[in-house]
Amino acid sequence: MAASIAKKNFSCQWQCHILYLYVVVLLLVFIPVLLQGQEAEEASCKSDKDESCGCAATSRDKATYSKPVEGEGGAETPKFDKDAARTAKSSTTTRTNQMVFVRGGEFTMGTDAVKFPQDGEGPARRVRVDSFHADVYEVSNAEFDIFVREAGYVTEAEKFGDSFVLENLISEKVKSEITQAVAGAPWWLPVKGADWRHPEGLDSDIINRMDHPVVHVSWNDAVAYCTWAGKRLPTEAEWEYASRGGLENRLYPWGNNPMPKGEHRMNIWQGKFPEVNTEEDGYVSTAPVTSYKPNKFGLYNTAGNVWEWVSDWLSVRHTQELQVNPKGPASSATNDKVKKGGSYMCHEDYCYRYRNAARSQNTPDSSASNLGFRCFADKLPQGVEEVKL
Ligand SMILES: [Ca+2]
Ligand SMILES: [Ca+2]
């Protein structure tokens, strides 16, 4: 009996050792594989965060999107609704179409302190531009309303029947009707009925925002407005020259300090994007185009508030040779136009693009709730007030 128990114990010890060895071998084989997978996932996340801020995610032909059907709310059926009448009535507010003369010169465009290499921010290069007149303000709803009423213009967002809106700004009712989101930037939602008169969808209006920048305007809409106004879109070089206000190699239109003397100088995002906007600069969404101090050339809100279309097609490669009045490439392989200045959605940790040198892009038919424009001109158009500095 005692011998039998001893034999049993011996047998168990032997079996246990085999089992133990088996487990050790399994762990040695699988742990490196598991760790490798985790590292790959972390690398992928890091890469995604580095490269995608959603700034360029609102391009119609790059997002899952349907084109409008002719005759079904398409180009041939401009809408007239009670909002149009209301905006017309309230557009007798103070004009903000003034321009300022900007004397041409040579400056350093772009930067060698590149934050987003994929955007083509660098290298820093010398550029010379001729003199021009620049809109002092971003084009406001009131100014765009005058254009729409006089020209009978219908924006592309109205023709498509939708536009991109930041999720936080949309009512729960509108949100519940949305089934799509933008890959890589889920805070952007395509909202039916969102257009310049209805910035957050059909249950919103601009009645109390006539002095705010017009949004949901495509590059094509911006060109149509500027042409009607006797103006044109700026080139990227002109826009950046004007935004820098005569200061060399500075991050912002006034210098390198984002808040000189603790004072807010632009409408961007405070808090944690995209969950919390603490609104410390006074605005959770757009601000009136007259907000904050202008730069030394007299321009307001080139940094922040809304992105601004410029005329250039996108290229992310630049020559370091001196360029005179550069207009950008003849076309873009990705069908993108450049936009400048960042918006109220930009945060230092996420989409740090409210710097003079920063840039992003969208296709020319794209529109969003943070994208507007201003016009420049070679000659001061008749009837436009010139601001003297
Ligand atoms: Ca803000
Ligand atoms: Ca701006």
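Here, every reference points to the structure presented above.
Remember, predicted model here, so these are calculated numbers, not experimental data. (Residues numbered from 1 in each chain as written. Chains lettered and ligands numbered in written order. Predicted model: local features only at pLDDT ≥ 70, side-chain atom pairs only at ≥ 80, totals over all residues. Heavy atoms only, no water.)

A closer look at the sheet that holds strand E14 (residues 376–377)
Ordered in space as E14-E4-E1-E15, the four strands form an open sheet in which the pairing is mixed. Whereas interior strands pair on both sides, the edge strands pair on one side only; in this sheet they are E14 and strand E15 (386–387). (Pairing = 2+ DSSP bridges. Helix = DSSP H or I, 4+ residues; strand = E, 2+ residues; numbered from the N terminus.)

Describing the environment of Asp205
With respect to the element layout, Asp205 can be found in the loop between strand E6 (188–192) and helix H6 (219–228). Since its relative accessible area comes to 28%, Asp205 is described here as partly exposed. A polar contact is formed between the side chain of Asp205 and the backbone nitrogen of Ile207, at a distance of 3.1 Å. (Buried < 20%, exposed > 50% of the residue type's maximum accessible area, 1.4 Å probe, protein only. Polar contact = N/O pair within 3.5 Å; in protein donor to acceptor, adjacent residues only side chain to side chain.)

Some words on the coordination of the calcium ion (ligand 1)
The coordination sphere of the calcium ion (ligand 1) contains the protein donors Asn267 (OD1), Ile268 (O), Asp281 (OD), Asp281 (OD) and Tyr283 (O), at a distance range of 2.3 to 2.6 Å. Donor residues binding the calcium ion (ligand 1) come from one chain and are separated in sequence as N-I-x12-D-x1-Y. Highlighted residues: Asn267 in the loop between helix H7 (236–244) and strand E7 (271–272) and Tyr283 in the loop between strand E8 (276–277) and strand E9 (307–313), separated in sequence by 16 residues. For Tyr283, a relative accessible area of 25% corresponds to the partly exposed category. (Donors = N, O, S within 2.8 Å, 3.2 Å for Na, K, Ca; no water.)

Considerations on the coordination of the calcium ion (ligand 2)
Note on the calcium ion (ligand 2): its protein donors are Glu138 (OE), Asn301 (O), Thr302 (O), Gly304 (O), Val306 (O) and Glu308 (OE). The metal-donor distances range over 2.4 to 3.2 Å. Around the calcium ion (ligand 2) sit six donor atoms, and with donor-metal-donor angles ranging over 72 to 168° the site reads as irregular. The sequence motif formed by the donor residues of the calcium ion (ligand 2) is E-x162-N-T-x1-G-x1-V-x1-E. In terms of burial, Thr302 and Glu308 fall into one category: buried. (Tetrahedral: all angles 85-135°; square planar, octahedral: opposite > 155°, others 65-115°.)

Some words on the environment of Ser332
The residue Ser332 is located in the loop between strand E10 (323–324) and strand E11 (337–340) in this model. Exposure remark for Ser332: the relative accessible area of 12% places this residue in the buried category. Ser332 sits 19 residues away from Trp313 along the chain, and the two C-alpha atoms are 5.4 Å apart. Setting aside chain neighbours within four positions, we find Ser332 in contact with Trp313 and Leu314. (Contact = heavy atoms within 4.5 Å.)

Some details on the state of the cysteines
With the rule as written, the count across this model stands at one disulfide. Note on cysteine connectivity: Cys226 is disulfide-linked to Cys375, with sulfurs 2.2 Å apart. In this structure, the disulfide formed by Cys226 and Cys375 twists by about -85° around the S-S bond and is classed as left-handed. A residue pair is termed long-range when its members are at least 10 positions apart, and Cys226 in helix H6 and Cys375 in the loop between strand E13 (371–372) and E14 qualify at 149 residues. Given the relative accessible area of 0%, Cys375 is considered buried. (Disulfide = S-S within 2.5 Å.)

Some words on unusual backbone geometry
With an omega of 0°, the peptide bond running from Gly122 to Pro123 counts as cis. Locating Pro123 in the fold gives a position in the loop between strand E2 (105–109) and strand E3 (125–129). The omega torsion of the bond from Phe273 to Pro274 falls at -5°, within 30 degrees of zero and hence cis. Along the chain, Pro274 falls in the loop between E7 and E8. Although it is not a glycine, Tyr292 adopts a positive phi angle of roughly 65°. On the basis of relative accessibility, which here comes to 19%, the residue Tyr292 falls in the buried class. One non-glycine residue with positive phi stands out, namely Asn301, at about 55°. Inspection of the secondary structure assignment puts Asn301 in the loop between E8 and E9.

Topic: H7
The buried fraction of H7 is high, at nine of nine residues. All of the buried residues along H7 are Glu236, Ala237, Glu238, Trp239, Glu240, Tyr241, Ala242, Ser243 and Arg244. A positive backbone phi angle near 60° is found at Gly245, which sits one or two residues after H7.

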